[in-house]
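Residue strings, one per chain:
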Amino acid sequence: MAKTETTRGYLLNGRLSFRQPAKGYRTGIDPVLLAAAVPARDGDRIFELGVGAGAAALCLLARVPGCTVTGEEIDPIAAALAVDNSTANGLAKRLIMRSSSPQIQDGPPERGFDHLMSNPPFWRATSGNRSPYPSKASAHHEGEIGIDKWMRDLCRRGGRRATVTAIYPAARVTDLVTALSPLAGDLSLFPLWPKERRQAKRVLVQAHLGSMGPARLLPGMVLHSEDGRYTKEAEAVLREGKGIDLGA
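About the thresholds
Residues numbered from 1 in each chain as written. Predicted model: local features only at pLDDT ≥ 70, side-chain atom pairs only at ≥ 80, totals over all residues. Heavy atoms only, no water. Salt bridge = Lys/Arg side-chain N within 4 Å of Asp/Glu carboxyl O. Buried < 20%, exposed > 50% of the residue type's maximum accessible area, 1.4 Å probe, protein only. Phe/Tyr/Trp six-rings, centres within 6.5 Å; stacked < 30°, edge-to-face > 60°. Helix = DSSP H or I, 4+ residues; strand = E, 2+ residues; numbered from the N terminus. Pairing = 2+ DSSP bridges. Right-handed = clockwise from strand over helix to strand, strands pointing away.

### Section: the pattern of salt bridges
Turning to step 1, where the next piece is worked out: One pass over the structure, following the stated rule, counts ten salt bridges.
Turning to step 2, where the next piece is worked out: The partner of arginine 156 in a salt bridge is aspartate 153, and the shortest N-O contact between them spans 3.9 Å.
Turning to step 3, where the next piece is worked out: Under the relative-accessibility criterion, arginine 156 is labelled partly exposed at 39%.
Turning to step 4, where the next piece is worked out: Here aspartate 227 ties to arginine 229 by a salt bridge, and the two come within 3.9 Å at their closest N and O atoms. Across the pair, exposure class does not vary: aspartate 227 and arginine 229 are exposed alike.

What follows is the structure, given as structure tokens:
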């Protein structure tokens, strides 16, 4: 197998070094926002479905020093980068990687996690143009597994009253809510507004397994000022590593 060309960047204002493929899927701010919304505490165990190169996991491990993340990733290149990134940042003992490839059997799935998180593929398999890069295509478009099965696979890993946190396009958030509703309740929707008075492009969604509480629409966060710079609230999350309170 040819060696994958990578680039090195940084997360959380240089607090974390981060390598990812030079071509194909490139990490943006979504995984950083996702990690910030997980209400983890010291000693908690978190499961992430679709780890990629590890951006969300690393950010969460950096914010909550006493937690651990177990992750699954079907792309072997991305999974290897996640391991390398955790080692480079001194977090190797706290990130446990598992393969989600059907060709690799890791034994029965581990369950009982305190928190579950995921940045699922955004678009239906038939929508838009798929990227020629397999990693980007699988990150952005559903394959054989749609959002319903993705959320079922994620939620079966949680313990009683575990939180489930995801980030998803506003245009498809009803699909995510429909997938989550039979599995969890006490749903919180946290819109991410690109600028004031603009339509939200992304929504953070959080729910509790085993709960029947009502849904809540939260005020959300404005990401950019009119001049294009991050707002103070967004800076606190993306650069300082502050958490986002979704009321868990």
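Once you've had a look at it, read on.
### Description of the packing of aromatic side chains
Turning to step 1, where the next piece is worked out: Throughout the structure, instances matching the rule amount to one aromatic pair.
Turning to step 2, where the next piece is worked out: Where phenylalanine 47 meets phenylalanine 113, the ring centres are 5.5 Å apart and the plane angle is 40°; that geometry is what we call tilted. One end of the pair, phenylalanine 47, is in strand β3 (residues 45-49); the other, phenylalanine 113, is in strand β6 (residues 113-118), and 66 residues separate them in sequence.
Turning to step 3, where the next piece is worked out: Among the residues examined, phenylalanine 47 registers a relative accessible area of 1% and is labelled buried.

### What about the pairing of strand β4 (residues 68-73)?
Turning to step 1, where the next piece is worked out: A large share of β4 lies buried, amounting to five of its six residues.
Turning to step 2, where the next piece is worked out: For β3 and β4, the ladder comprises five bridges, and the chain directions are parallel. Each bridged residue has a counterpart across the sheet, and for isoleucine 46 the counterpart in β4 is valine 69.
Turning to step 3, where the next piece is worked out: A crossover links β3 with its parallel partner β4, the connecting element being helix α2 (residues 55-63), and its sense is right-handed.

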